[in-house]
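This is what each chain is made of:
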Amino acid sequence: MHRVRDRLVSCRTAVSNQIGGLLIEHGITMRKGRGGLHGVVQELLEEENTVLSPAMRTLISGLWVEWQATDAAVRDFARELERLARQDPAGQRLMTVPGVGPLVATAMIATVADG
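These lines cover the structure that appears in this document, whether it is placed above or below. (Residues numbered from 1 in each chain as written. Predicted model: local features only at pLDDT ≥ 70, side-chain atom pairs only at ≥ 80, totals over all residues. Heavy atoms only, no water.)

Looking now at the environment of Met 1. On the secondary structure map, Met 1 appears in the segment before α1 (2–25). When its relative accessible area of 41% is taken as the criterion, Met 1 is described as partly exposed. Along the primary structure Met 1 and Ala 107 are separated by 106 residues, whereas in three dimensions their C-alpha atoms are 9.2 Å apart. Apart from the residues within four sequence positions on either side, Met 1 is in contact with Phe 77, Glu 80, Leu 81 and Leu 84. (Helix = DSSP H or I, 4+ residues; strand = E, 2+ residues; numbered from the N terminus. Buried < 20%, exposed > 50% of the residue type's maximum accessible area, 1.4 Å probe, protein only. Contact = heavy atoms within 4.5 Å.)

Here it is, written out as structure tokens:
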């Protein structure tokens, strides 16, 4: 599950970077992170008069749908890993260590047979 989640995070980052690169080519900048991307793309797609051509709007819209689907999948995996960590006694113990959350706990359980 961790490997699949990591791959999805990489895909989400790649799509985000591609959207950002396309927008920069049109003089549209945004701050780093998911919040910057979300705000700019939502605003651009909601505007009627935009600096983007119809073809570019369609392209950005498709990439945005892909980003949202991938983001939802990442969140689903994170919730499932959290559920698994909370159900497992070893996961519960590991999460008492400062800085160890559900992702680290489940990764340790998966890689260390009897920690």
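Picking up after the structure, the text goes on.
The end-to-end C-alpha distance of α1, which contains 24 residues, comes to 35 Å, matching closely the 34 Å that a straight helix rising 1.5 Å per residue would cover. Buried within α1 are the following residues: His 2, Arg 5, Leu 8, Arg 12, Val 15, Ser 16, Ile 19, Gly 20, Leu 22 and Leu 23. Gly 27 sits one or two residues past α1 and shows a positive phi near 80°. (Expected span 1.5 Å × (residues − 1).)

What the rule picks out here adds up to 6 salt bridges. Linking Arg 75 and Asp 71 is a salt bridge whose minimum nitrogen-to-oxygen distance equals 2.4 Å. In this pair, Arg 75 and Asp 71 both sit in helix α3 (residues 54–87), 4 residues apart, roughly one turn of the helix. (Salt bridge = Lys/Arg side-chain N within 4 Å of Asp/Glu carboxyl O.)

Read these as spatial facts, not as claims about activity.
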